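This is what each chain is made of:
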Amino acid sequence: AVISAVEQSENNRKVTMKVPMQYMKYILPKGFIAIDGCSLTVGEVEGDTFNVYLIPETLRVTVMGTKGVKMGASIAINGTCLTVTRQEGNAIDFDVIMETLRVTNIGELQSGDSVNYERSARMGDEIGGHNVSGHIQTT
């Protein structure tokens, strides 16, 4: 899904998502959808879009908002681990070296592209059966 609109009100944030039509048959009003590991209730569904409403507590305790992203945090973008160098509003900045641009798709990204965004695992988080031994230093 791609975020197509965000509307902030006093009590919540309405996020409208655009999804390829072949997947819309699985999205039902008042149904549940998991986004970035968060179970959310679907609001309105229309055409190739649906929305969810994020209450302040959801934004505070999940990765659905940028709150909690701090300088030095480790975030994977399209599987590439990057370190946050600045966070302002809904924007997060990273410094990326030329080698990272050369060996990943990060250098090909353009404004508005969809990316896979993953926060780093915390102690006690389920890894889901995957062995994790650290960062790849060389190939």
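Structural data are supplied above this passage.
What you see is a predicted model; the values in this text were computed from it and never measured.

S.K.: How would you explain the sheet that holds strand β8 (residues 91–94) if you had to name every residue and give the values?
M.R.: In spatial order, the strands read β8-β7-β6-β9; together these four strands make up an open sheet with antiparallel pairing. Of all strands in the sheet, those bounded by a partner on one side alone are β8 and β9 (117–119). Between one strand and the next, the sheet's axes are offset by a mean angle of 50°, whatever the strand orientation. Here three bridges tie strand β6 (residues 74–77) to β9, and the two strands are oriented antiparallel to one another. Looking at the pairing, Ala-76 lines up with Glu-118 of β9.

S.K.: I'd like a description of the pattern of salt bridges, backed by residues and values.
M.R.: Tallying each qualifying case throughout the model produces three salt bridges. Linking Asp-93 and Arg-86 is a salt bridge whose minimum nitrogen-to-oxygen distance equals 2.9 Å. The exposure class of Asp-93 is partly exposed, given its relative accessible area of 29%. A relative accessible area of 44% places Arg-86 in the partly exposed class. Glu-99 is paired through a salt bridge with Arg-102; the nearest N and O atoms lie 2.8 Å apart. Residue Glu-99 and its partner Arg-102 are both found in helix α3 (residues 98–103); the two are separated by three residues, about one turn of the helix.

S.K.: A description of the nonpolar core should follow, citing residues and the corresponding values.
M.R.: Counting residues in each nonpolar core, the largest one holds 14 residues, and the members touching the most others are Ile-27, Ile-33, Leu-40, Phe-50, Val-52 and Leu-54. Of all the elements in the fold, those that place two or more residues in this core are β2 (13–18), β3 (32–35), β4 (38–46) and β5 (49–54). In contact with Ile-33, other than residues within four places in its own chain, are Ile-27, Cys-38, Ser-39, Leu-40, Val-42, Phe-50 and Val-52. In terms of nonpolar packing, the next biggest core, distinct from the first, is built from eight residues, Ala-73, Ile-75, Leu-82 and Val-84 among them.

S.K.: Which residues make up the pairing of strand β1 (residues 2–8), and what values do they have?
M.R.: As judged from the six bridges shared by β1 and β2, these two strands associate in the antiparallel manner. Across the sheet, residue Ile-3 finds its bridge partner in β2, namely Met-17. Joining the antiparallel neighbours β1 and β2 is a turn of four residues.

S.K.: Describe unusual backbone geometry, and please don't skip the residues or the numbers.
M.R.: Residue Lys-30 is not a glycine yet carries a positive backbone phi of 70°. The residue Lys-30 is located in the loop between α1 (21–24) and β3 in this model. Even without glycine at this site, Asn-78 takes up a positive phi of about 50°.

Cut-off values and rules
Residues numbered from 1 in each chain as written. Predicted model: local features only at pLDDT ≥ 70, side-chain atom pairs only at ≥ 80, totals over all residues. Heavy atoms only, no water. Pairing = 2+ DSSP bridges. Helix = DSSP H or I, 4+ residues; strand = E, 2+ residues; numbered from the N terminus. Axes fitted to C-alpha atoms, helices over the stretch in contact; angles between N-to-C directions. Salt bridge = Lys/Arg side-chain N within 4 Å of Asp/Glu carboxyl O. Buried < 20%, exposed > 50% of the residue type's maximum accessible area, 1.4 Å probe, protein only. Core = buried A, V, L, I, M, F, W, Y, C linked by side-chain atoms within 4.5 Å. Contact = heavy atoms within 4.5 Å.

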